[in-house]
Amino acid sequence: MSAAAPEGYDPHAFEPFAVTVDLAVFTVRDSRLHVLLVERGEEPYKGHWALPGGFVLPRESAGVAARRELAEETGLSGDTVSGLHLEQLRTYSDPDRDPRMRVVSVAYTALVPDLPEPRGGGDAAGARWWDTGRTGPLAFDHDRILTDARDRIGAKLEYSCLATAFCPPAFTLGELQQVYETVWGVELDRPNFRRKVLATPGFVQPAEGAPRRTGGRGKPAALYRAGDATALHPPLLRPEGRNT
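Conventions used here
Residues numbered from 1 in each chain as written. Predicted model: local features only at pLDDT ≥ 70, side-chain atom pairs only at ≥ 80, totals over all residues. Heavy atoms only, no water. Helix = DSSP H or I, 4+ residues; strand = E, 2+ residues; numbered from the N terminus. Buried < 20%, exposed > 50% of the residue type's maximum accessible area, 1.4 Å probe, protein only. Contact = heavy atoms within 4.5 Å. Areas by Shrake-Rupley, 256 points an atom, 1.4 Å probe, with all protein chains shown as cover. Disulfide = S-S within 2.5 Å. Polar contact = N/O pair within 3.5 Å; in protein donor to acceptor, adjacent residues only side chain to side chain. Core = buried A, V, L, I, M, F, W, Y, C linked by side-chain atoms within 4.5 Å. Axes fitted to C-alpha atoms, helices over the stretch in contact; angles between N-to-C directions. Parallel < 35°, antiparallel > 145°, perpendicular 65-115°, else oblique. Nonpolar A, V, L, I, M, F, W, Y, C, P; charged D, E, K, R; others polar. Left-handed = near helix turned anticlockwise from the far one by under 90°.

1. Looking at the overall build of the protein
Then, in step 1: Within the protein, the secondary structure is distributed over five helices and nine strands.
Then, in step 2: Buried positions account for 42% of the 244 residues belonging to the protein.
Then, in step 3: For the protein, the proportion of contacts with a sequence separation of at least 24, taken over those separated by at least 6, is 67%.
Then, in step 4: With the model as given, the accessible surface of the protein reaches about 13600 Å², and the carbon-plus-sulfur share is 51%.

Have a look at this one:
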């Protein structure tokens, strides 16, 4: 039995509204940053592309709803979705963001390697990975959410070792630099990047094996593997004034 409302409180005095979740899930493919989008199969915005998401059910949390909607709309397996580290981005509550009714959305974001190809499900007509530079206008206010999520992911690379997850088990510093350039959308100075990476404790460690030739006439590049650090001290900051 639910507890009685406090004396003097009238829940009917407040206009009801719905709570939804939206997810900006990124990965690196073919040296380009991609985001997972679904094609809407219902109005409003039927036929438009949007971030995966949907309504929070009465007896579930926003976090549970986010994983449920992601699995339902993209066809990703429950094991795949449950293993993702989703980070809460922010809440979007503009009164007119949804033409159906007042809707407040809790947005989540993640940057993950090696996700399988999605497929449409639930009320989504389709699902696919999109190059973030070629998405075009998205439904609702999802362009704003996507921009905010890209900024958060970019900051995540500054303070964490996440970038190494997108490299082979043994990688060159050039391959690691390419991950940063892909997510940040900037070209980094190679000697400066190399100096900062090697000076950061626990970021990378030398890997066994012969150096890898990466093209050109220079000597083969040394191989590294992810170190045991999870956070970067000091952080590896983007060049000032060159953020995406």
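Read on, since the account is not over.
2. Description of the state of the cysteines
Then, in step 1: By the definition in use, this model includes zero disulfides.
Then, in step 2: No disulfide involves Cys167; its sulfur sits 12 Å from that of Cys161, the nearest cysteine.

3. Remarks on the environment of Arg97
Then, in step 1: With respect to the element layout, Arg97 can be found in the loop between strand E5 (87-92) and strand E6 (103-111).
Then, in step 2: On a C-alpha basis, the gap between Arg97 and Tyr108 in space is 17 Å, while along the polypeptide they are eleven residues apart.
Then, in step 3: Setting aside its immediate chain neighbours within four residues, Arg97 contacts Thr20, Asp22, Tyr92, Val103, Val104, Ser105, Phe140, Asp141 and Ile145.
Then, in step 4: Polar side-chain contacts of Arg97 include one of 2.8 Å to the side chain of Asp141.

4. As for the nonpolar core
Then, in step 1: Grouped together as the largest cluster of nonpolar side chains are 39 residues, with contacts concentrated most on Phe26, Leu111, Leu176, Tyr180, Val197 and Phe203.
Then, in step 2: Residue assignment for this core shows that the elements contributing at least two residues are strand E1 (18-29), strand E2 (32-40), E5, E6, helix H3 (142-159), helix H4 (173-184) and helix H5 (190-199).
Then, in step 3: Top element by residues in this core is H4. It accounts for six residues.
Then, in step 4: Excluding anything up to four places from it in sequence, Phe203 contacts Cys161, Thr164, Leu176, Tyr180, Val197, Arg225, Ala226, Gly227, Ala229, Leu232 and Leu236.
Then, in step 5: Formed by 17 residues, the second largest nonpolar core is a distinct cluster that contains Leu23, Leu70, Leu84 and Tyr108.

5. Comments concerning the packing of H4 against H5
Packed helix pairs are specified by the crossing angle of their axes together with the interaxial distance, meaning the distance between the axes.
Then, in step 1: The N-to-C vectors of H4 and H5 enclose an angle of 100°; their axes lie 10 Å apart at closest approach. Comparing their axes, H5 and H4 come out roughly perpendicular. Contacts between H4 and H5 pair Leu173, Leu176, Gln177 and Tyr180 from the former with Arg190, Phe193, Arg194, Val197 and Leu198 from the latter.
Then, in step 2: Partitioning the contact of H4 with H5 into residue classes produces six nonpolar, one polar and two charged.

6. Describing the packing of H3 against H4
Then, in step 1: Running from N to C, H3 and H4 point in directions that differ by 155°, and their axes come no closer than 9 Å. The angle between H3 and H4 places the two elements in the roughly antiparallel class. For the element pair H3 and H4, the recorded crossing hand is left-handed. On the side of H3, the interface is formed by Arg150, Ile153, Gly154, Leu157 and Glu158, while H4 contributes Val179, Tyr180, Thr182, Val183 and Trp184.

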